Amino acid sequence: MMNVEKIRKDFPIFEKKKFIYFDNACMPLRPKVVIDKINEYYTEYPACAGRSYHDFGTRLTDEVANARDLVKKFIGAKKAKEIIFTKNATESINLVANSFKFNSVLTSDREHNSNLLPWQKFDHDVVKSKKDFSFDLESFSDKVKNFDIVSMVHTSNLEGYSLPVKEIIKIAHEQGAKVLLDGAQSVPHKEINVRKLDVDFLAFSGHKMLGPNGVGVLYGKEELLDGMKPFILGGETVSDSTYDSYKLEELPHKFEAGLQNYPGILGLGSAAKYLMKIGRNNIEKHENMLKSKIDIEGVEKIGHVGESGIFNFNIPGKGAHEVAMMLSASKNIMIRSGAHCMHSWFNSRNLEGSARASFYLYNTLEEIDTFVEELEKIKKL
Amino acid sequence: MLCLIAWVVFGILGLFSVKYRVLAKESFDCVFRRITFKKCNSNLDERIKSKLTGNLMKFSPKMARGVYRHYEFLSWIFVALFVVSLVLGAQGAYNLAMYDNCAGPNADPDQCIFTPDYDVVDCDDPLCDDGHCEECGDDCDCEECS
């Protein structure tokens, strides 16, 4: 069982302001350990890693290696060199779309734009959800044999539904397809072990797992990453060059072009360590418990109904933005409204959008009660 | 329809801040669409309505409900009041410029606080020189100075 009151003390913003933050699927708040780590970089060793052999440079090189190792442990990867630092999950997915050799790609019908648009220039198809919005494994099994790669969301940012990825990966591999998982919403909230899953690629963002903005990760199996050519070239990606040729660096550096976001990488390492200490199984249970306490009638639930940490809804007769703004004005409750970067899903169902409340480790039952009370008031308007 | 008022208010505030300039542009777009019988595609009206309702919810859910349900009607009342006060204000400014009396040419000057109150220059006033008032103009009572 988590001690939420103790956890809240790790987040300096709770001491400064009174608010209820339910926009965690977009971006959670940051703990002090992450903020301190970012400050540490700028105040103690603000240099370049991997190329400068002075005190600051070598310290930073060690810190980056340590952060990579923490992320490796965080997702259960075999080797640290399978961890590529990117800008975010979007860039990680684009890296695979532009560097991995394939002709055809299969996605689900509930993809974030980040895992849909990069694939649209290829031979692309989607697996439609069942009537209850769960994943249609049968339809997937029928289709997957015609595709080289499957790129699917692990946990949807719509309502937190998790696809049966173990089965998806097994079936895809049996049919000779590789699998990329968009783990932006799963990695921060549930235990992930890439080796147990046997997933080929995993993309996720730092800013959704208590880490800084502007840093993300692409995990890839070593043999697959080795065979891929980078789609961005520049400093640190090559070990040598002439006027008309170059020799690529080893993994992971060949994919990390230019000066890296060092404070971001270090902060990400700290965030991973912090989440490992608390335990993502505990976080997942806590989020499920919070959502289960939302008992309100006359609210239309969006997407698959089941255990998750995201409550997606519409109040009949009220716009999603209206609801979000009223919650903000009345009790400073922050939720998200709109299409949640899933326009394709909403368009296919002729929906304009929805309101979304997403929970994390620091949210409390009292906050859920206030949220429900305010929704009741809005409903009666 | 509150975007009409918002346009004027934000337009003035926009002279001093970029933030309000953006809002003024947004409200103008909304006004333009409304007067051409199109749906306002910026959500400025919705934002104003939601903020207003949300803030009222803190104090009186009943009042919030009233405002939420009759928002359009209340908006028109505010717009009408705004237009009327704008017309009266313009009329007063015209009268003040033309007749030195914002209440009108034949009205009692005391009704208008902006009516100029000329001081009669005393004959001992050093500004009076040879019966001619240098600063006050013709309305001064300086003929007897000399």
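Here is what the cut-offs are and how they apply
Residues numbered from 1 in each chain as written. Chains lettered and ligands numbered in written order. Predicted model: local features only at pLDDT ≥ 70, side-chain atom pairs only at ≥ 80, totals over all residues. Heavy atoms only, no water. Domains from an automatic or database assignment. Contact = heavy atoms within 4.5 Å. Buried area = accessible area lost by both parts, 1.4 Å probe. Salt bridge = Lys/Arg side-chain N within 4 Å of Asp/Glu carboxyl O. Polar contact = N/O pair within 3.5 Å; in protein donor to acceptor, adjacent residues only side chain to side chain. Helix = DSSP H or I, 4+ residues; strand = E, 2+ residues; numbered from the N terminus. Pairing = 2+ DSSP bridges. Axes fitted to C-alpha atoms, helices over the stretch in contact; angles between N-to-C directions. Core = buried A, V, L, I, M, F, W, Y, C linked by side-chain atoms within 4.5 Å. Buried < 20%, exposed > 50% of the residue type's maximum accessible area, 1.4 Å probe, protein only. Arc of directions from axis to C-beta.

Peer 1: Please explain the domain arrangement of chain A as it appears in this structure.
Peer 2: When the parts of a complex come together, some accessible area is lost, and that lost area is often used as the size of the interface. Residues and elements named next belong to chain A. Partitioning chain A into domains gives domain 1 (4-22 + 279-380) and domain 2 (33-277). The C-alpha centroid of domain 2 is placed 27 Å from the C-alpha centroid of domain 1. Listed by partner, the interface residues are 31 residues for domain 1 and 32 residues for domain 2. Of the roughly 2,600 Å² buried between domain 1 and domain 2, counting both surfaces, carbon and sulfur atoms make up 52%. Here domain 1 and domain 2 share 3 salt bridges between them. Of the charged contacts, one joins R280 and E191 as a salt bridge, the two residues approaching to 3.5 Å between their closest N and O atoms. Between domain 1 and domain 2 we count 18 residue pairs in polar contact (both at pLDDT 80 or more) in total. Every element with two or more residues in the side of domain 1 that touches domain 2 is listed here: α11 (280-292), β12 (310-314) and α13 (343-348).

Peer 1: Would you explain the interface of chain B and chain A in this entry?
Peer 2: The interface is formed by 16 residues belonging to chain B together with 14 residues belonging to chain A. Interface area, chain B with chain A, both sides summed: about 1,300 Å², of which 67% is carbon and sulfur. Among the residues chain B hides against chain A, the three largest losses belong to S50, M57 and Y68 of chain B. Together they make up 45% of the total. Along the contact surface separating chain B from chain A lie 1 salt bridge. The salt bridge partner of E322 of chain A is K49 of chain B, with a shortest N-O separation of 3.6 Å. Across the contact surface, chain B and chain A share 4 residue pairs in polar contact (both at pLDDT 80 or more). Counting residues per element, the ones that place at least two in the side of chain B that touches chain A are α3 (44-59) and α4 (61-69) of chain B. Considering every element that reaches the side of chain B that touches chain A, the biggest residue donor is α3 of chain B, with 10 residues.

Peer 1: Honestly, the sheet that holds strand β2 (residues 83-86) of chain A in this entry has me stumped. Any pointers?
Peer 2: Either a parallel or an antiparallel arrangement is found when strands of a sheet pair, and the pairing is made through backbone hydrogen bonds. Residues and elements named next belong to chain A. Strands sit in the order β2-β8-β7-β6-β5-β3-β4 across an open sheet of 7 strands; the sheet is mixed. Where the open sheet ends on each side, the last strands, each with one partner, are β2 and β4 (123-127). Recorded for the sheet is a direction-independent mean angle of 20° between the axes of neighbouring strands. Bridge analysis of strand β5 (residues 149-153) against strand β6 (residues 178-182) gives 5 bridges, and the strand direction is parallel. Across the sheet, residue V150 finds its bridge partner in β6, namely V179.

Peer 1: Just checking my understanding: could you explain the nonpolar core for this structure?
Peer 2: Here is a general trend for soluble globular proteins: nonpolar side chains tend to be buried in one another's company. All names here are of chain A. In this structure, I75, F140, V150, L361 and Y362 are the most contacted members of the largest nonpolar core, which totals 65 residues. Per-element tally for this core: the top contributor is helix α10 (residues 262-278), with 9 residues. When we break this core down by domain, the ones giving at least three residues each are domain 1 (4-22 + 279-380) and domain 2 (33-277). When near neighbours in sequence (up to four residues on either side) are disregarded, Y362 contacts V4, I7, R8, F11, F14, Y21, N24, P28, L29, L210 and E367. I20, I333, I378 and L381 belong to the second-largest nonpolar core, a separate cluster that totals 30 residues.

Peer 1: Any chance you could explain α4 of chain B here in plain terms?
Peer 2: Note that an α-helix has 3.6 residues per turn; residues three or four places apart therefore point the same way. Inspection of α4 of chain B places A64, V67 and Y68 of chain B among the buried residues, and these make up the whole buried set. Viewed end-on, α4 of chain B has its buried residues packed into an arc of 100°, placing them on one side of the element. Residues of α4 of chain B that are exposed and point over 90 degrees away from its buried face: K62 and R69 of chain B. The elements touched by buried residues of α4 of chain B are α12 (320-331) of chain A together with α3 and α5 (71-99) of chain B.

Peer 1: Hey, could you run me through the sheet that holds β12 of chain A in this one?
Peer 2: Residue and element names in this part refer to chain A. Strand order in the open sheet made by the 4 strands is β11-β12-β15-β14, with antiparallel pairing throughout. Taken across any chain shown, the strands that pair with only one partner, and hence form the sheet edges, are β11 (300-301) and β14 (336-338). Two elements, β14 and strand β15 (residues 354-358), share 3 bridges in a ladder whose sense is antiparallel. Counterpart to R336 in the pairing with β15 is R356.

Peer 1: Could you clarify how one ought to interpret the side chain of N24 of chain A in this entry?
Peer 2: Residues and elements named next belong to chain A. On the secondary structure map, N24 appears in the loop between β1 (20-21) and α3 (32-44). For N24, the side chain forms a polar contact with the main-chain oxygen of Y21, separated by 3.2 Å. Of note is the side chain of N24, whose polar atom sits 2.8 Å from the backbone oxygen of S358.

Peer 1: Would you explain unusual backbone geometry in this entry?
Peer 2: The phi torsion of most residues other than glycine is negative, and most of the peptide bonds are trans. All names here are of chain A. The residue after L251, namely P252, is reached through a cis peptide bond having omega -5°. Checked against the element boundaries, P252 lands in the loop between β10 (246-248) and α10. Unusually for a residue other than glycine, E236 sits at a positive phi of about 75°. Not every positive phi belongs to a glycine, and C341 is a case in point at roughly 60°. The partly exposed category is assigned to C341, whose relative accessible area is 28%.

Peer 1: Would you explain the pattern of salt bridges in this entry?
Peer 2: Pairing is possible between side chains that carry opposite charge, provided their charged atoms lie close to one another. Residue and element names in this part refer to chain A. Under the counting rule described, the total for this entry stands at 29 salt bridges over all chains. For the salt bridge of E222 with K81, the shortest nitrogen-to-oxygen distance reads 3.0 Å. Taken together, the residues E222 in helix α9 (residues 222-226) and K81 in the loop between α4 (55-75) and β2 connect sequence positions 141 residues apart. Classification of K81 as partly exposed rests on a relative accessible area of 32%. Salt bridges here are not isolated pairs; linked through shared partners, they connect K37, E40, E44, R59 and E63.

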